[in-house]
Amino acid sequence: RGESGERSLAADGFFVGAYATKMEPSEIMTEIRIPVAAAGTGYAYAKLKRKVGDFATAAAAVTLRLKGGMVQEVVIALTNVGPTVLRARAAEDALRGKALNDASMAKAARLAMSICDPATDQRGDAEYRTAMAGEMTRRALRTAASRAAR
């Protein structure tokens with residue numbers, strides 16, 4: 001909400017750079033809407049960090065809906081491996097309509113890694129952080145699947 005009134009922004013694409021969003025300088029955030037997930041949906045956030053409260057070396061967030069062991073819908077987002085949150089759309093497309101198993105999760109992890117462009121910093125070099133994004137993707141997919149089955 002700002003001087004020009006109220007507007008809604010989608011979460012996807014909200015961040016446009018490091019510490020930069022689509023909000024105008026005169027605006028404040030007044031509400032966050034989170035849709036209720038459909039039955040059979042699981043979620044997970046897998047974060048590799050040095051210690052509790054630390055920024056992630058690499059992280060993956062997954063929302064996953066299964067039906068009969070097949071992926072109905074999936075969203076995969078990566079953090080701390082690019083200038084903004086990265087949406088792993090090719091990885092999502094590779095899973096949708098397929099069985100979720102070790103092979104399909106490995107393929108999704110490789111596709112997620114292919115979009116990474118992390119900076120080398122005190123948490124690790126770019127190659128390590130990219131590899132860890134793949135591992136966090138696999139972990140988040142497994143956890144989301146276990147929660148979807150409940």
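The numbering scheme is per chain: residues are counted from 1 as the chain's sequence reads. Thresholds applied to this predicted model are a pLDDT of at least 70 for local features of residues and 80 or more for the giving and counting of side-chain atom pairs; totals over whole chains, interfaces and linings are not thresholded and use all residues. For the side-chain quantities, the full set of heavy atoms in the structure was used; hydrogens and water were omitted.

K.L.:
What should I look at first to understand the overall build of the protein in this one?
P.N.:
In this description a helix means any DSSP run of H or I spanning at least four residues, a strand means any run of E spanning at least two, and both kinds are numbered starting from the N terminus. Across its full length, the protein holds three helices and six strands. Element order for the protein, N to C, with α for helix and β for strand: β-β-β-β-β-β-α-α-α. Dimensions along the principal axes, computed over C-alpha positions, put the protein at roughly 50 × 40 × 30 Å. For the protein, the residues scored as buried account for 35% of the 150 residues in total. Per-residue and other accessible areas follow the Shrake-Rupley method at a 1.4 Å probe size, with only the shown protein chains counted as cover for residues. Summed over all atoms, the accessible surface of the protein reaches about 9200 Å², with 54% contributed by carbon and sulfur. The charge count includes Lys and Arg as positive and Asp and Glu as negative, but it does not include His or the ends of the chains. Charge placement uses NZ in Lys and CZ in Arg. For Asp and Glu, CG and CD serve respectively. Mean positive and mean negative side-chain charge positions of the protein (23 and 16 charges, respectively) differ by 7 Å. Relative accessibility thresholds used throughout: buried, under 20% of the residue-type maximum; exposed, over 50%; partly exposed, between the two (1.4 Å probe, protein chains only).

K.L.:
Just to check I follow, could you spell out the nonpolar core for this structure?
P.N.:
Soluble globular proteins tend to pack their nonpolar side chains together in the buried interior. Nonpolar core, defined: a set of buried Ala, Val, Leu, Ile, Met, Phe, Trp, Tyr and Cys residues in which side-chain atoms within 4.5 Å join the residues together. Among the nonpolar cores identified, the biggest contains 28 residues, and Val62, Leu64, Val74, Ile76, Leu78, Leu95 and Leu141 are the most heavily contacted of them. The set of elements that each furnish at least two residues to this core consists of strand 3 (41-48), strand 4 (58-67), strand 5 (70-79), helix 1 (89-95), helix 2 (102-113) and helix 3 (126-148). Per element, the largest residue contribution to this core is seven residues, and it comes from helix 3. Aside from chain neighbours lying at most four places away, what touches valine 74 is Val62, Thr63, Leu64, Glu92, Leu95, Arg96 and Leu141. Every residue pair with non-hydrogen atoms within 4.5 Å of one another is taken to be in contact.

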